[in-house]
Amino acid sequence: MSEEHYLELCENPVQFEHASGVNNVFFDEANKQVFAVRSGGATGVVVKGPDDKSSLAFRMDDRGEVKCIKFSIGNKILAVQRSSKSVDFINFMPDVPHTQFSQECKMKNASVLGFCWTNWNEIVFITDQGIEFYQVFPDKRSLKLLKSHSINVNWYQHCPELAVILLSTTVQGNVLQPFTFRNGSVAKMNKFEIELPLVPKPAKLSLSERDVAMATIYGQLYVMNLKHQSRSAQSPGAEVVLYHLPRDGVCKKTHVLKLNTTGKFALNIVDNLVVVHHQSSQTSLIFDIKLQEPDSAVNTHQPVLPARSITPYRVPVSGPAVVPPCQLYSSSWSVFQPDIIISASEGYLWYLQVRLPPTVRLLKDKGKLMDFLLRRQDCKMVILSVCCQILDGSERGSLPVVATVFDKLNQVYKEHLEAEQLYALAMESAPARGAATVKRPVRTQAVVDQSDMYTHVLSAFTEKKDVSHKFVIAVLMEYIRSLNQFQIPVQHYLYELVIKTLVQHSLFYMLHQFLQYHVLSDSKPLACLLLSLETTYPPAHQLSLDMLKRLSTANDEIVEVLLSKQQVLSALRFIRSVGGHDNVSARKFLDAARQTGDAMLFFTVFRSFQQRNQRLRGSPAFNPGEHCEEHVTHFQQLFGEQALMKPATV
């Protein structure tokens, strides 16, 4: 597969009987279903959807040519338009008879342009004189008019995700009136005007339905207008103008996408990218409206990447048959929002997809590349491969590039951690209420944490033989700097990687400096690692003890370390200095003193604990629970019964 193509058709298309003289094909954007209707439905209707649940087959009476056919949500009621005056309905609910009933539009002399389901039992008729919003009662085989609006309509667009219907009004068609539907109610949104390149005289319909599309980009609804000629003489090519359509508030022109060419175009939205297909060159362009910081009310965008064709495609077949590649950018293609391409003549429905690996080579600016990748869905492994590349490729040595990439990753990482923290606080304060009002933050592919970086990038990078150790350490410290900058606690395994790398290259002076100036934060695991380095670097022992003392929660660990080194008196002095002498195990210290083989050391430690016993309990004797009997016997053997009985002085 060529590394040039960054767009592809999905591997397994939805297959249906292709359009022919006896078979008509319809597509429902709301349910993503293709209807193949043979002979007006008399010889069968086959519905293919995204999954088996939304696919079915049935027959209808042939009552004339089908103009439009759609199921309500959940395949409960089928609506069929055969005339310009009415819509027929058939029940598909299990407990309701599958009988047909009909509804004429209310407005006199109106023609039905089409209809849209907004709920399983709510439907909107769009006529040339306005809209009629109905509730369907399948058991009563009737409809109830909920609301109607009278307005001149040329054509309409439907955004099923947000239940918004956009009407083209006025003679020129460029004044657009949106309506939004929710739970049996309809709201009129603010109307707005699409700029026309030239105002025709006399006035006539100048804004075509095929040059307008509605789509959700980064969670916001936009109306996209394909302008075939720009008003600007300097840039005569076509452009796509985006109008932001908020639920409340005024619709505003916010983005202009420069196509830098002319011809026939079609629009898709894939992974929040605007994809513009150009038929004559058989290439596509992609735009990311968030890739640049907005610097004015209307922002102009150039394509993110050079124009490229969709990846050549062969339909997968079983058996030895060889199928020729599909004709891409065919004149028989129909493009639907957000990411659907249908070839009615071939009988295929594809979902368009973005391939991220080729973008890495095509987008040279690594900061811009990282911004682009972080907003895509399946980006993590590609991002990690870019990190490996900038540490291993031609950019090696460019620490500013490395720093930029790390900061962009950690910005997203920090935002996720903060969202997790807010969620935890909400759940703590009101568990029952919190669960209802605060949603747990979803961890996206864009969250590249320390574990990901350590596993896939940094640990392998430190093993490379052909990289200067100075650059390796600089990169590790750059990543730690970036984490600190975003106030993300650094995991100890990253510090361990730094220390191991320094020791491997005998950079003990630098290690000492890093510890002395707290570049590496204190932790018990780090102190233990330093202890293990004592044979290679003797001062590491003292550095470890100093770190444990600074932690102040590691007294037990310090005692264990000192005892393991047979520094029994040092351990005793330390435990006294922190006020823990009264509670420590006498047996542990006596075991360690005895293992040294130094009789006087054993005598000193034994006497110390006798004094403790005298002070706490008024007797030098050990309690049975302390299990010191063997040490008492050993003391008697070394120094006699008399020495044992001699009262210890406090």
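The sections below set out a description of the structure shown in this document. It should be emphasised that the depicted structure is a prediction, and the values quoted were computed from it without experimental measurement.

**Focus on the overall build of the protein chain**
Point 1. When you go through the protein chain residue by residue, the secondary structure sums to 16 helices and 30 strands.
Point 2. In terms of C-alpha radius of gyration, the protein chain reaches 38 Å, well past the compact-globule figure of 26 Å for 650 residues.
Point 3. Projecting the C-alpha coordinates of the protein chain onto the three principal axes gives extents of approximately 125 × 60 × 60 Å.
Point 4. Restricting to contacts in the protein chain with at least 6 residues of sequence separation, those with at least 24 account for 51%.
Point 5. Carbon together with sulfur atoms contributes 51% to the accessible area of the protein chain, which is approximately 31400 Å² in total.

**Overview of the state of the cysteines**
Point 1. Tallying each qualifying case throughout the model produces zero disulfides.
Point 2. Just so you know, Cys-379 is unpaired, no disulfide at all, and the nearest cysteine sulfur is the one on Cys-387, 11 Å from it.

**Some points on the sheet that holds strand S9 (residues 86–91)**
Point 1. Pairing is antiparallel across the open sheet formed by four strands, whose spatial order is S7-S8-S9-S10. Of all the strands in the sheet, just strand S7 (68–71) and strand S10 (100–104) have a single pairing partner and so form its edges. On average, each strand axis in the sheet is inclined to that of its neighbour by 20 degrees, with strand direction left out of account.
Point 2. Sheet topology note: the S7/strand S8 (residues 77–81) ladder contains four bridges and is antiparallel. Paired with Lys-70 across the two strands is Ala-79, which belongs to S8.

**Some remarks on helix H13 (residues 568–577)**
Point 1. Along H13, the positions that sit buried rather than exposed are Val-568, Ala-571, Leu-572, Phe-574 and Ile-575. The buried residues of H13 occupy an angular sector of 165 degrees when projected down its axis, which confines them to one face. Set apart from the buried face of H13 by more than 90 degrees, the exposed residues are Arg-573 and Ser-577.
Point 2. Against helix H11 (540–551), helix H12 (555–564), helix H14 (586–596) and helix H15 (599–617) lie the buried residues of H13.
Point 3. Where H13 ends, the next residue or the one after it, Gly-579, has phi of about 70 degrees, a positive value.

**Thoughts on the sheet that holds strand S22 (residues 239–244)**
Point 1. The strand order across the open sheet formed by five strands is S20-S21-S22-S23-S27, and the pairing between neighbours is mixed. A single partner strand is all that each edge strand has here, and the edge strands are strand S20 (212–217) and strand S27 (299–301). Looking at each pair of strands side by side, their axes are set apart by 25 degrees on average, direction ignored.

**Details of the pattern of salt bridges**
Point 1. Taken as a whole, this structure holds 27 salt bridges when the rule is applied.
Point 2. For Arg-443, the salt bridge identified is with Asp-449, shortest N-O distance 2.6 Å.
Point 3. The class for Asp-449 is buried, based on a relative accessible area of 13%.
Point 4. Note that Arg-587 is salt-bridged to Asp-591, the shortest N-O span being 3.8 Å. With Arg-587 and Asp-591 both in helix H14 and four residues apart, the pair spans about one turn of that helix.

**Topic: helix H2 (residues 366–374)**
Point 1. Extensive coverage of H2 is indicated by the burial of seven of its nine residues.
Point 2. The elements touched by buried residues of H2 are strand S25 (273–278), strand S26 (283–287), helix H1 (357–362), helix H3 (380–392) and helix H4 (399–429).
Point 3. Taking the backbone nitrogen of Gly-367 as reference, a side-chain oxygen 2.9 Å away marks Asp-365 as the first, capping residue of H2.

Thresholds, definitions, all that
Residues numbered from 1 in each chain as written. Predicted model: local features only at pLDDT ≥ 70, side-chain atom pairs only at ≥ 80, totals over all residues. Heavy atoms only, no water. Helix = DSSP H or I, 4+ residues; strand = E, 2+ residues; numbered from the N terminus. Rg over C-alpha atoms; globule rule 2.2 N^0.38 Å. Contact = heavy atoms within 4.5 Å. Areas by Shrake-Rupley, 256 points an atom, 1.4 Å probe, with all protein chains shown as cover. Disulfide = S-S within 2.5 Å. Pairing = 2+ DSSP bridges. Axes fitted to C-alpha atoms, helices over the stretch in contact; angles between N-to-C directions. Buried < 20%, exposed > 50% of the residue type's maximum accessible area, 1.4 Å probe, protein only. Arc of directions from axis to C-beta. Salt bridge = Lys/Arg side-chain N within 4 Å of Asp/Glu carboxyl O. Polar contact = N/O pair within 3.5 Å; in protein donor to acceptor, adjacent residues only side chain to side chain.

So, to be careful, I would describe these as geometric facts and stop short of saying anything about function.
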